[in-house]
Amino acid sequence: FDDGAIEHYRKVLQALRDRGLEPFVTLWHFTLPVWFSKMGGFENKKSPFYFARYCEYVVKNLGQSSEQGSAVRFWITINEPMVYVGFGYGIGSWPPFKRNFIKVWKVVDNLAMSHNIVYKKIKQIQPNALIGMAADQVNYQHNKNPLSIILSIFMNWFRNHRFLNKVALFQDFIGVNYYRPIMYGGRLDLEKSDMDWDIYPQGLHDVIMGLKRYQKPIYITENGIADASDTKR
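Draft legend 1. Quick look at the overall build of the chain. The secondary structure content of the chain amounts to seven helices and seven strands. Starting at the N terminus, the α and β elements of the chain follow one another as α-β-α-α-β-β-β-α-α-β-α-β-α-β. Taking all contacts inside the chain whose residues are at least 6 apart in sequence as the whole, residues at least 24 apart take part in 72%. Taken as a whole, the chain presents about 12,900 Å² of accessible surface, with 57% of it coming from carbon and sulfur. The averaged location of the 21 negative side-chain charges in the chain is 10 Å from the averaged location of its 29 positive side-chain charges.

Draft legend 2. Up close: helix α1 (residues 3–18). The terminal C-alpha atoms of α1 lie 22 Å apart, and with 16 residues this matches the ideal 22 Å at 1.5 Å per residue to within 8%. Regarding α1, the residues found buried are Ile6, Leu13 and Arg17. Projection of α1 onto a plane perpendicular to its axis shows the buried side chains occupying an angular sector of 40 degrees, all on one side. Exposed residues on α1 whose side chains face more than 90 degrees from its buried face are Lys11 and Asp18. Its side-chain oxygen at 2.8 Å from the backbone nitrogen of glycine 4, aspartate 2 defines the N-terminal cap of α1. Of the residues one or two after α1, glycine 20 is the one with positive phi, at around 75 degrees.

Draft legend 3. Here's a closer look at the packing of helix α4 (residues 81–90) against helix α5 (residues 101–125). Orientation of α4 relative to α5, taken along the N-to-C sense of each, is 150 degrees, at an axis distance of 10 Å. For the element pair α4 / α5, the angle class is roughly antiparallel. Our pair here, α4 against α5, has a crossing hand that is right-handed. Judged by residue contacts, Pro81, Met82, Tyr84, Val85, Tyr89 and Gly90 of α4 engage Lys103, Val104, Val107, Val108 and Leu111 from α5. Across the contact of α4 with α5, the residue classes tally to nine nonpolar, one polar and one charged.

Draft legend 4. The arrangement of a nonpolar patch on the surface in detail. A surface patch of nonpolar side chains, about 380 Å² in accessible area, is lined by Phe101, Leu151, Phe154 and Trp157. For the nonpolar patch, the element with the most residues is helix α6 (residues 146–166), which contributes three residues. Phenylalanine 154 sits in the partly exposed class, given a relative accessible area of 35%.

Draft legend 5. Examining the sheet that holds strand β5 (residues 130–142) more closely. Pairing is parallel across the open sheet formed by five strands, whose spatial order is β1-β4-β5-β6-β7. Only two strands of the sheet have a single partner each, and these edge strands are β1 (24–26) and β7 (218–223). Taking each pair of neighbouring strands and ignoring which way they run, the sheet shows an average axis angle of 35 degrees. Against the sheet, α6 engages β4 (74–79), β5 and β6 (173–184), with an angle of about 175 degrees to β5.

Draft legend 6. Representation of the packing of helix α3 (residues 47–62) against α5 within the structure. Following both chains from N to C, one finds α3 and α5 inclined at 35 degrees, their axes separated by 9 Å at the closest point. Of the two elements, α3 crosses α5, and the hand of that crossing is right-handed. On α5, the residues touching Ser47, Pro48, Phe51, Ala52, Cys55, Glu56, Val59 and Lys60 of α3 are Asn110, Met113, Ser114, Ile117, Val118, Lys121, Ile122 and Ile125.

Draft legend 7. Just the side chain of glutamine 137, in detail. Turning to its location among the elements, glutamine 137 is positioned in strand β5. Setting aside anything within four residues of it in sequence, one finds glutamine 137 in contact with Asn160, Leu164, Val176, Asn177, Tyr178, Tyr179, Val207 and Leu211.

Draft legend 8. Looking closely at the pattern of salt bridges. What the rule picks out here adds up to 15 salt bridges. For aspartate 198, the salt bridge identified is with lysine 192, shortest N-O distance 2.3 Å. Residue classification places lysine 192 among the partly exposed positions, given a relative accessible area of 22%. Notably, a salt bridge pairs aspartate 227 with lysine 232, separated by 3.8 Å at the nearest N-O pair. Residue lysine 232 is classed as partly exposed on the basis of its relative accessible area of 29%. Through salt bridges with shared partners, a single ionic network connects Arg17, Glu22 and Arg73.

Calculation notes
Here the residue numbering is sequential within each chain, running from 1 through the sequence in written order. Local features are withheld for residues below a pLDDT of 70 in this predicted model, meaning they are given only at 70 or higher, and side-chain atom pairs are given and counted only at 80 or more; totals for whole chains, interfaces and linings count all residues. Computation of side-chain values covers all heavy atoms of the structure but excludes hydrogens and water. Comment: elements are numbered from the N terminus, with helices defined as DSSP H or I runs of at least four residues and strands as E runs of at least two. Residues are treated as being in contact if the distance between any of their heavy atoms lies within 4.5 Å. Only the protein chains shown count as covering a residue, and every accessible area follows the Shrake-Rupley method with a 1.4 Å probe. Neither His nor the chain ends is counted toward charge; the positive residues are Lys and Arg and the negative residues Asp and Glu. The location of each charge is read from NZ of Lys, CZ of Arg, CG of Asp or CD of Glu. Each helix should span, by expectation, one fewer than its residue count multiplied by 1.5 Å. Three exposure classes are used, based on accessible area relative to the maximum for each residue type with a 1.4 Å probe and protein chains only: buried under 20%, partly exposed in between, and exposed over 50%. It is the directions from the helix axis to the C-beta atoms whose arc is reported. In the analysis that follows, any N or O atom pair within 3.5 Å is treated as a polar contact, provided that within protein one partner can donate a hydrogen and the other can accept it, and provided that, for residues neighboring in sequence, both atoms belong to side chains. Axis definition: a line fit to C-alpha positions, over the contact stretch in the case of helices; interaxial angles, taken between N-to-C directions, run 0 to 180 degrees. The scheme is simple: roughly parallel for angles under 35 degrees, roughly antiparallel for over 145, roughly perpendicular for 65 to 115, oblique for anything else. Left-handed describes a crossing whose near helix is turned anticlockwise from the far helix by less than a right angle; the clockwise case is right-handed. Residues were grouped as follows: Ala, Val, Leu, Ile, Met, Phe, Trp, Tyr, Cys and Pro as nonpolar; Asp, Glu, Lys and Arg as charged; and all remaining residues, including Gly, as polar. Excluding any residue in a salt bridge, patches collect residues exceeding 30% relative accessible area, merging like charges within 9 Å and nonpolar Val, Leu, Ile, Met, Phe, Trp and Tyr side chains within 5 Å. Should a side-chain nitrogen of Lys or Arg be within 4 Å of a carboxyl oxygen of Asp or Glu, the pair is scored as a salt bridge. When DSSP finds two or more bridges between a pair of strands, those strands are recorded as paired.

Okay, structure coming up:
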């Protein structure tokens with residue numbers, strides 16, 4: 001472990017506190033150590049053990065008490081697991097550049113197990129901590145075509161809810177990352193962002209209502225728009 005990096009983030013956390021901001025610390029946001037990647041990353045059945053060991057170290061070193069209270073109260077274990085799995089193992093455009101649907105399911109299971117183990121470890125170290133994950137949520141829509149309806153329902157379950165169902169008992173809150181809707185069987189007549197994504201604020205309401213079933217507090221952990229002119233915000 002790099003003590004210099006830990007010290008850097010201590011300073012970041014203090015700077016946030018000094019400015020009256022509440023830190024939400026994300027423990028994992030896609031990148032992997034080279035040694036971990038060489039052993040298969042989250043394909044490896046031992047990956048939850050290594051991930052938990054890392055998280056335990058970070059929490060012990062950054063979650064310590066300070067004059068303002070605990071330096072970190074909110075922990076996000078994993079950022080957008082379904083995005084990582086989709087691009088890394090479905091489409092294959094991100095590392096490890098694989099296209100294998102069987103491995104998609106395997107990695108999702110290992111990530112969910114990792115979250116659940118880390119949740120329990122953090123509670124042992126810092127009982128009052130609030131722990132969740134950041135779920136990428138897409139507002140899926142469809143036309144009247146039965147195939148479009150089925151595809152929309154499947155993707156809403158697979159992308160928006162499968163991971164959350166696996167970690168439902170090990171969450172104090174749900175972080176929501178929302179950017180756009182996806183329409184099956186047609187196109188939405190909406191203004192586009194610079195990334196050619198439909199601009200649809202109503203979708204944020206819709207995905208939040210879809211998360212009501214979990215009966216957990218919700219925090220908007222990511223929401224934004226690609227707009228070089230900065231006129232559509």
